[in-house]
Amino acid sequence: MHLTKLELQGFKTFAKKTQLSFLAPREDRKPITTVVGPNGSGKSNLADAIRWVLGEQSLKLLRGKKSEDIIFSGSEGRGRAGFAEVSLTFNNEDGAMPIDYSQVVITRRLFRDGNSEYLLNDSKVRLNDIQLLLAQANVGQRSYSVIGQGMIDHILVSTPEERKAFFDDATGVKQFQIKRHEAMLKLKRTHENLADVEMLLTEIEPRLRSLKRQASRLEKRGEVEAQLHTLEEQYYGAQWWTLVDQLEEVRQRFSTAESEIHTERAELKALEQEAEKIERTDTQEDTGLQTLQQQYRTLQRERNTLRDEQFKTEKEIELTKVRAQSNWAPLPLIKILDEVKALTTGLKGLRTIQALPEILKAIDALLHRSQDLSKRLERPNPQDIKPDPKLTKTLKDLKEKETHLVDQLKQLEQEIDSYATKEKTVRTELIESQRTLREKQTQIHLLENRRNTLQIDLARYEERQQNLIREMDEFMKDRAVNVRTERGTTETIGQEAYAEIQRLRYKLELIGGIDPEIIQEYEEIRERYEFLDVQVKDLHGALRSTEKVIKELDEQISKQSKKAFSKINKEFQRYFKLLFGGGSCALVNVTREEIDEDEQEGVTPERAFADTGEAEREKEDRIEEELEKHQSPIIGVDIQATPPGKRMKALNLLSGGERALTSIALVSAIMAVNPAPFVVLDEVDAALDESNTTRFANILEELSANSQFIIITHNRATMEKADLLYGVTMSDDGVSNLLSVHLEDVAQGNTARR
Ligand code: ATP
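Residues numbered from 1 in each chain as written. Predicted model: local features only at pLDDT ≥ 70, side-chain atom pairs only at ≥ 80, totals over all residues. Heavy atoms only, no water.

Caption draft 1: How the structure looks around a positive patch on the surface. A cluster of basic residues, Lys-559, Lys-563, Lys-567 and Lys-570, forms a positive patch on the protein surface. Structurally, the position occupied by Lys-563 is in helix H13 (residues 516-580). By relative accessible area, which is 57% here, Lys-563 ends up exposed. (Patch = residues over 30% accessible without salt bridge, like charges linked within 9 Å, V, L, I, M, F, W, Y side chains within 5 Å. Areas by Shrake-Rupley, 256 points an atom, 1.4 Å probe, with all protein chains shown as cover. Salt bridge = Lys/Arg side-chain N within 4 Å of Asp/Glu carboxyl O. Lys, Arg positive; Asp, Glu negative; His and termini not counted. Charge placed at Lys NZ, Arg CZ, Asp CG, Glu CD. Helix = DSSP H or I, 4+ residues; strand = E, 2+ residues; numbered from the N terminus. Buried < 20%, exposed > 50% of the residue type's maximum accessible area, 1.4 Å probe, protein only.)

As structure tokens, then:
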């Protein structure tokens with residue numbers, strides 16, 4: 001690759017469209033072009049133009065204060081230019097620039113309104129693209145491709161870190177450095193994203209934990225509920241269907257008793273009619289007997305009424321027992337706790353032997369109290385339930401009245417019997433009929449008793465059924481209907497099941513109710529957490545792959561720069577000795593540790609007054625720490641130079657000429673090891689004496705084997721090495737003009753061309 005053309009327009013003193021063509025490489029070496037001319041004619045502006053088109057951003061290096069300073073500012077006889085444009089044309093037939101063009105034109109344009117653009121073969125591109133392309137072709141933009149006037153010893157006065165950048169250019173690792181820089185930016189961005197995502201994760205983690213606890217409580221509640229439901233279905237199912245069967249049986253027995261009574265009553269009626277008939281035929285001869293019989297029947301009716309009342313009272317007593325049992329409710333938990341507390345505190349304070357009698361009394365009282373408590377905790381037995389004393393008294397009175405009536409009836413029977421013996425023959429039939437009647441009545445009475453007992457049972461079972469329905473509906477809600485409609489087992493599962501049901505209900509009460517929205521929120525937050533977690537993993541993956549890229553680039557950079565550095569060091573010593581005729585010099589790598597020792601660590605004012613929060617600062621520190629891990633240990637380059645016969649090594653003790661020679665030796669070493677395709681040197685030989693100028697010119701010739709030189713000089717020895725010479729003059733209107741002289745032509749006596 002070599003430069004074929006430089007075109008300028010509106011750039012500094014080159015107001016007019018001006019073009020510099022360069023010669024094609026010769027077989028043995030590349031061409032040397034020198035630019036000569038009086039002071040202030042605009043020679044350095046040409047070097048500036050090349051530096052500028054290659055993407056230079058430093059206004060200082062371009063010798064301006066504002067970017068528009070590079071546009072022709074006008075003169076007495078000529079107006080200012082509206083824009084500046086510089087184009088460099090390269091022959092890229094060897095493909096040094098990895099781009100599918102054999103000729104590459106790089107153009108930079110700047111307008112007075114500040115708009116600027118870069119073009120690559122007339123297509124707009126970014127500065128970055130140009131820089132990468134140039135770095136790939138080994139054109140060092142910031143370093144030795146364009147060495148400006150008075151800048152040759154710049155490398156000596158710059159800091160070790162600035163020198164490092166220069167050497168990165170020189171060792172050809174710039175292209176990897178650019179890629180590395182991009183990878184580091186990506187690494188930083190990824191670390192920032194990671195820190196943000198991790199911060200979000202830490203923010204939602206406590207909420208997720210609390211929601212998870214609630215969700216698992218709900219899950220536990222579900223388990224307990226399921227257990228309770230199964231048990232309730234078994235327990236109430238068995239209760240219900242046993243009761244249904246019992247009721248059915250009692251109903252059957254009741255209706256059998258009813259129909260038996262019905263038949264017996266019909267028979268009794270027939271017997272009564274027959275007895276009445278006999279009585280009527282017996283005439284009313286014995287009114288005494290009739291009166292007795294009348295009395296007897298009246299007493300019998302009374303007794304029946306008494307029996308009915310008795311039955312009603314008994315039924316009432318039974319029902320009050322059933323109600324008392326079903327209305328029993330367990331003592332509330334809080335009351336139980338209070339009682340237990342009262343029991344335990346009862347004996348507190350009675351600890352001496354003297355208090356023995358009181359202790360015994362207290363123990364009695366406690367026993368009594370605990371018995372009382374346990375009675376209140378157990379469901380009462382029907383036998384233990386005391387009926388209402390009023391009802392018992394009524395029943396007792398009724399029974400006494402009945403006994404009295406039965407006595408009266410017996411007495412009447414005896415009186416009637418005595419009539420019978422008297423009128424034996426006449427009334428045998430009648431008496432016999434009455435006896436049968438009585439027997440029938442006793443039979444009916446027994447049947448009625450049985451029926452009444454069954455009726456009481458029936459009422460008891462029905463009451464129990466109503467209570468069971470209420471209890472089931474209260475606790476089982478809709479499920480109760482299923483249990484009552486679908487026939488299940490009647491196998492009773494015992495009181496333990498009921499105790500377990502109570503325990504599970506209490507457990508549910510302790511767990512308490514849970515808002516179903518919590519579950520929805522839990523699901524949402526969990527999903528978000530998992531999403532962020534995946535992001536963290538992805539970002540870690542991205543970090544690893546970027547770190548791998550950086551590591552690979554570092555290895556490449558380190559390998560290449562180490563190799564080139566040691567070669568440059570060797571060549572530096574060779575050129576140094578050649579230019580100085582002896583002496584010694586060396587390039588030394590400066591490590592981070594060495595710099596850190598010199599620098600005081602502390603809070604910088606920017607950091608101290610930065611308007612960032614604690615968390616944000618912590619995050620920045622962490623990211624910085626992470627990025628520091630990837631910093632190269634070598635951060636600078638030191639130069640040691642000792643001219644022949646001298647002892648000092650410090651660069652600032654060198655004379656102006658010595659500094660120029662040392663710099664030239666170093667730049668030459670770099671060019672020898674890593675030749676740039678072209679190099680612009682602006683009066684680098686200004687400080688050299690005549691013999692050193694000749695040595696320098698020889699070195700240039702040697703280096704031109706690999707690099708194309710454009711040299712601005714006032715030195716004859718340097719000019720003599722040129723294949724093509726450009727003369728720059730300045731006309732009265734402050735505009736630079738060019739004339740070219742082919743040195744071959746000069747040798748043949750031809751004149752210069754404008
Ligand atoms: P020397 O041999 O003394 O180094 P030189 O030939 O290198 O001189 P330059 O430094 O290239 O000279 O040119 C400097 C001249 O260019 C100055 O006279 C300066 O006024 C002029 N100049 C710089 N910028 C502009 C501009 N934007 N418009 C017009 N003239 C400019």
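Next comes the rest of the account.
Caption draft 2: Seen up close, the site of the ligand. Not every one of the 18 residues close to the ligand is listed here, only the nearest: Gly-40, Lys-43, Ser-44, Asn-45 and Asp-69. Ser-73 places a main-chain nitrogen or oxygen 2.9 Å from a nitrogen atom of the ligand. If the ligand stood free it would expose 650 Å²; the protein chains cover 73% of that surface. Considered class by class, the residues forming the shell around the ligand number 3 nonpolar, 10 polar and 5 charged. (Near = heavy atom within 4 Å. Polar contact = N/O pair within 3.5 Å; in protein donor to acceptor, adjacent residues only side chain to side chain. Nonpolar A, V, L, I, M, F, W, Y, C, P; charged D, E, K, R; others polar.)

Caption draft 3: Molecular detail of the sheet that holds strand E5 (residues 103-111). Spatial ordering of the open sheet is given by E2-E1-E4-E5-E6-E7, a layout of 6 strands whose pairing is antiparallel. In this open sheet, the two strands that pair with only one neighbour each are strand E2 (18-21) and strand E7 (123-125). Each strand of the sheet is rotated relative to its neighbour by a mean of 20 degrees, with strand direction disregarded. Here strand E4 (residues 83-91) pairs with E5 via 9 bridges, running antiparallel. Looking across to E5, one finds that Phe-83 is bridged to Phe-111. Sitting on the sheet, helix H1 (residues 43-53) touches strand E1 (2-9), E2, E4 and E5, and the angle it makes with E4 is about 80 degrees. Along the sheet face, helix H2 (residues 127-136) touches E5, strand E6 (116-120) and E7 and points at about 40 degrees away from the line of E6. (Pairing = 2+ DSSP bridges. Axes fitted to C-alpha atoms, helices over the stretch in contact; angles between N-to-C directions. Contact = heavy atoms within 4.5 Å.)

Caption draft 4: Quick peek at the side chain of Thr-89. Its place among the elements puts Thr-89 in strand E4. Of the residues examined, Thr-89 reaches a relative accessible area of 2% and is grouped as buried.

Caption draft 5: Fine view of the sheet that holds strand E11 (residues 678-682). Strand order in the open sheet formed by 6 strands is E8-E11-E12-E3-E13-E14, with mixed pairing between adjacent strands. Strands at the two margins of the open sheet, each flanked by one partner only, are strand E8 (146-147) and strand E14 (736-742). Alignment of strand E3 (residues 32-36) against strand E12 (residues 708-712), held across 4 bridges, turns out to be parallel. Paired with Thr-33 across the strands is Ile-710, a residue of E12. Taken strand by strand, H1 contacts E3, E8, E11, E12 and strand E13 (724-730), and its axis lies near 145 degrees from that of E11.

Caption draft 6: Spotlight on the pattern of salt bridges. Taken as a whole and judged by the stated rule, the model has 45 salt bridges. Here Glu-85 makes a salt bridge to Arg-109, at a shortest N to O gap of 2.8 Å. Taken together, the positions of Glu-85 in strand E4 and Arg-109 in strand E5 put the pair 24 residues apart, joining distant regions of the chain. Measuring nitrogen to oxygen at the nearest pair gives 2.7 Å for the salt bridge that ties Glu-658 to Lys-646. Taken as a pair, Glu-658 in helix H17 (residues 656-673) and Lys-646 in the loop between strand E10 (634-642) and H17 lie far apart in primary sequence, 12 residues in all. A relative accessible area of 11% means that Glu-658 is categorised as buried. For Lys-646, a relative accessible area of 39% translates into the label partly exposed.

Caption draft 7: Spotlight on the packing of aromatic side chains. All chains considered together, the criterion is met by 8 aromatic pairs. When the centroid spacing of 6.1 Å and the interplanar angle of 70 degrees are considered together, the rings of Phe-572 and Phe-576 count as edge-to-face. Here the residue Phe-572 and the residue Phe-576 both occupy positions in helix H13, the gap between them amounting to 4 residues, near one helical turn. For Phe-576, a relative accessible area of 0% gives the class buried. Each residue in the set Tyr-235, Tyr-236 and Tyr-498 is aromatic and connected to the rest through ring pairs, giving one cluster. Just above the ring of Trp-240 sits the side chain of Arg-484; from NZ or CZ to the centre is 5.7 Å. Residue placement shows Arg-505 over the ring face of Phe-475; its charged tip is 3.5 Å from the ring centre. (Phe/Tyr/Trp six-rings, centres within 6.5 Å; stacked < 30°, edge-to-face > 60°. Lys NZ or Arg CZ within 6 Å of the ring centre and 35° of its normal.)

Caption draft 8: Broad picture of the packing of H13 against H17. The N-to-C vectors of H13 and H17 enclose an angle of 135 degrees; their axes lie 8 Å apart at closest approach. It follows that H13 is oblique to H17 by the angle criterion. Where H13 crosses over H17, the handedness of that crossing is right-handed. Between H13 and H17, the contacting residues are Ala-564, Lys-567, Ile-568, Glu-571, Phe-572, Tyr-575, Phe-576, Leu-579 and Phe-580 on the first element and Glu-658, Leu-661, Thr-662, Ile-664, Ala-665, Leu-666, Ser-668, Ala-669, Ile-670, Ala-672 and Val-673 on the second. Residue classes in the contact of H13 with H17 are distributed as 15 nonpolar, 2 polar and 3 charged. (Parallel < 35°, antiparallel > 145°, perpendicular 65-115°, else oblique. Left-handed = near helix turned anticlockwise from the far one by under 90°.)

Caption draft 9: How the structure looks around the packing of H17 against helix H18 (residues 690-703). Axis separation between H17 and H18 bottoms out at 11 Å; the angle between their running directions is 10 degrees. Considering their axes alone, H17 and H18 lie roughly parallel with respect to each other. Between H17 and H18, the residues in contact are Leu-661, Ile-664, Ser-668, Met-671 and Ala-672 and Asn-692, Phe-696, Ile-699 and Leu-703, respectively. Within the contact of H17 with H18, the residues separate by chemical class into 7 nonpolar, 2 polar and no charged.

Fair warning: the whole summary comes from geometry, so function is off the table for now.
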